[in-house]
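Tertiary structure, described
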Amino acid sequence: MRKTILIALAATAFIIVAAGILVTSRIRTVSADLAQRLETQTGIRLATSGLPGVSFWPRFSVSFGNVVIPAPSGASSATLANIATLRVVPADGLLGFGENGIAEIVLEEPSIDLAVGADGRANWNYGARPGEGEPDGIPLRIVNGRIAYLDERSGAAQVFANVEATASLAGPADELNARGAFVWNERRATFTLFLKSPQRVAEDGSPTDLTLQAPGFNFQFSGRTALAKGFELDGQSEIKGTDLGLAASWFGAGLPEGMNGARFELAGAVDSSAQGLLFANAQFTLDDMRGQGDVGMIRGKNRPRLEAHVNVGTIDLSRYGASPGPANAAFLSAPWSQAPLDLSALRTLDAALDVTTNAFAYGAFRTGPTQMKVALNDGVLDLKLARASYVEGTLDLALNVDGKSETPALQFSVNGEGLAADKALSASLGFADLQGKLSPSLALTARGRSLAEMISTLKGQASFRVVSGNLTGVDLPAGFAKVATEILKGWNRDDRANTAFDALSATFSIADGIAATSNLILTGPALTFNGKGEIDLLRQALDLKVDPQLPVTTGADTTAQFAKFPVAIHVKGPWTAPQIYPDMPGILEDPAAAYAALRKLGLGSTD
């Protein structure tokens, strides 16, 4: 019995020693194979700390902790990568003899820092030579990795987190095939990548194929990538998206909510600079809109920048923003909004756009052919429309919105000629009762945190002239004639009434939201008047005095003659329903006495 036990113990010891020798041998074989392959193909010598580890599940592997891959001598950075654990899986498993090499190398929690120094040298260029024939690639797998890129020449930098990828790499000078996923700007994207030679990217350039499936869009590129003289990307590219708002948010830009779900495409020859990508003579679509031209996506000041010089058939932005529908009369009676103005979207994107279009529309505002220039820099928007064909006339418009300041500021100017007054005023104010040819001119500024506050600070100059016109719904001569005997309350609108005139014009000086005029002039076959006074834009109130000349008949002579009203007529109160009465002292308190005094002044006498 004792002899049997001793034999069993000896056998167990032998097995343990044999297993130890076998495992140790495999560790040495795997380590030597990895080191030999790495040094032969790249000239890199791995640096590790501690003893190698062994894992038997799910496959036999040898692991190395705290692995450092040094950058080539002379590179600006000391290391190319720091790897928490590098796990090597031999193709022959535990019991093989190593002839079949490495089945897979797993990089767990690697931090890979790709850098191009100020001298243009890349820290992954080891001067390796391409392998002969078609060398077999080493299968690589990245688990929970981080990949960073820095170009010290331009300051361009990016960091990709949570990288999960598989790859095959024969060597720095040979083909790289990779696919996987990463997180950028807190959003996940998937990719496939082919590089003919990663090392040549840092030299004369490498043929490249890249696909990217990112939030809201897909990107494809086929061409050449090089970094020797700066970031160079030359080839053909295509972007297709199903959600422009989501795609823009991935790049840190905020677009109006209406652009969520907007379909878009961009395709053409792509070139690059250190700052971004340029699509030359590209074809693009945004939902039903189509255009062609040069489009650049640039890295701006901590935000993306869009540059474009394009021709677009029709631009209709109505569906994308909080654009007003066709204005109605209620617009003139509703109080100005006290809601805070949110211009934060202006600070998420920079842009420089030069657009020629056959038609531009935003809500009820619709032009014909025009040239539009947009500059958006650091939260300040500058928009210009030049010689736009608009409602039978022409229009020049300039808008500057400062969304950078704590208190938003606005500058607005308009010069129009020969506009259809009813169409122009209906689109902007919901007021379609004034007809004729309108020529407006405005130069205004305002500052405020709400629309109401903007109106209260409005200042500048404004003027208009309407010729060959008609004011529908109101018979001004009849109304002024009634003022001779009674105080009118409101305009007493009647859809059957109208006032034809030859010309109506005025010039206003505006300060603190109050527009003052001294030359409100109307001339026409049935009425002529001069007026002056103020319009309180914030309170939506009128305080005007006019000196009308009214047609009268005397005796048997039925020929109308113009007679000047003996006193001015006062138009005062809310602009939708003012009181209209002779400018006589005490008339509102004692109308009878005031009208008696008015008759003594010769009411109805001719000049």
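Scroll up to find the structure this text is about.
First, a word on what this report is: a plain description of the structure on this page. What you are looking at is a predicted structure, and each value in this text was computed from that prediction instead of being measured.

Another aspect to go through is the environment of Pro 110. In this fold, Pro 110 is placed in strand β4 (residues 102–116). With residues up to four places along the chain from it excluded, the contact list for Pro 110 reads Asn 82, Ile 83, Ile 142, Val 143, Asn 144, Gly 145 and Arg 146.

Inspection of the entire model under this criterion finds 10 aromatic pairs. Judged by centre distance (6.4 Å) and plane angle (65°), the ring pair of Phe 360 and Phe 365 falls under edge-to-face. Of the two residues, Phe 360 and Phe 365, neither departs from the other in class, the shared state being buried. With centroids separated by 4.9 Å and ring planes inclined at 45°, the aromatic side chains of Phe 365 and Tyr 390 adopt a geometry described as tilted. Remark: Tyr 390 occurs in strand β19 (residues 380–390) and Phe 365 occurs in strand β17 (residues 365–367); sequence separation between them is 25 residues.

Time to look at helix α7 (residues 591–600). What α7 keeps buried is the set Ala 594, Tyr 595 and Leu 598. On an axial view of α7, the arc spanned by its buried residues comes to 95°, and they lie on one face. Exposed side chains of α7 directed beyond 90 degrees from the buried face belong to Ala 592, Arg 599 and Lys 600. Looking at the buried side of α7, the elements it contacts are α6 (476–483) and β32 (579–582).

Bridge analysis of strand β10 (residues 217–226) against strand β11 (residues 232–241) gives 10 bridges, and the strand direction is antiparallel. Across the sheet, residue Gly 223 finds its bridge partner in β11, namely Gly 235. Taking the residues that link successive antiparallel strands as the turn, the β10-β11 hairpin has five residues, and the phi of Gly 230 there is positive, at about 115°. Relative to strand β12 (residues 264–272), β11 runs antiparallel, the two being bridged by seven bridges. Bridged to Gly 241 within β12 is Phe 264.

Here is what the cut-offs are and how they apply
Residues numbered from 1 in each chain as written. Predicted model: local features only at pLDDT ≥ 70, side-chain atom pairs only at ≥ 80, totals over all residues. Heavy atoms only, no water. Helix = DSSP H or I, 4+ residues; strand = E, 2+ residues; numbered from the N terminus. Contact = heavy atoms within 4.5 Å. Phe/Tyr/Trp six-rings, centres within 6.5 Å; stacked < 30°, edge-to-face > 60°. Buried < 20%, exposed > 50% of the residue type's maximum accessible area, 1.4 Å probe, protein only. Arc of directions from axis to C-beta. Pairing = 2+ DSSP bridges.

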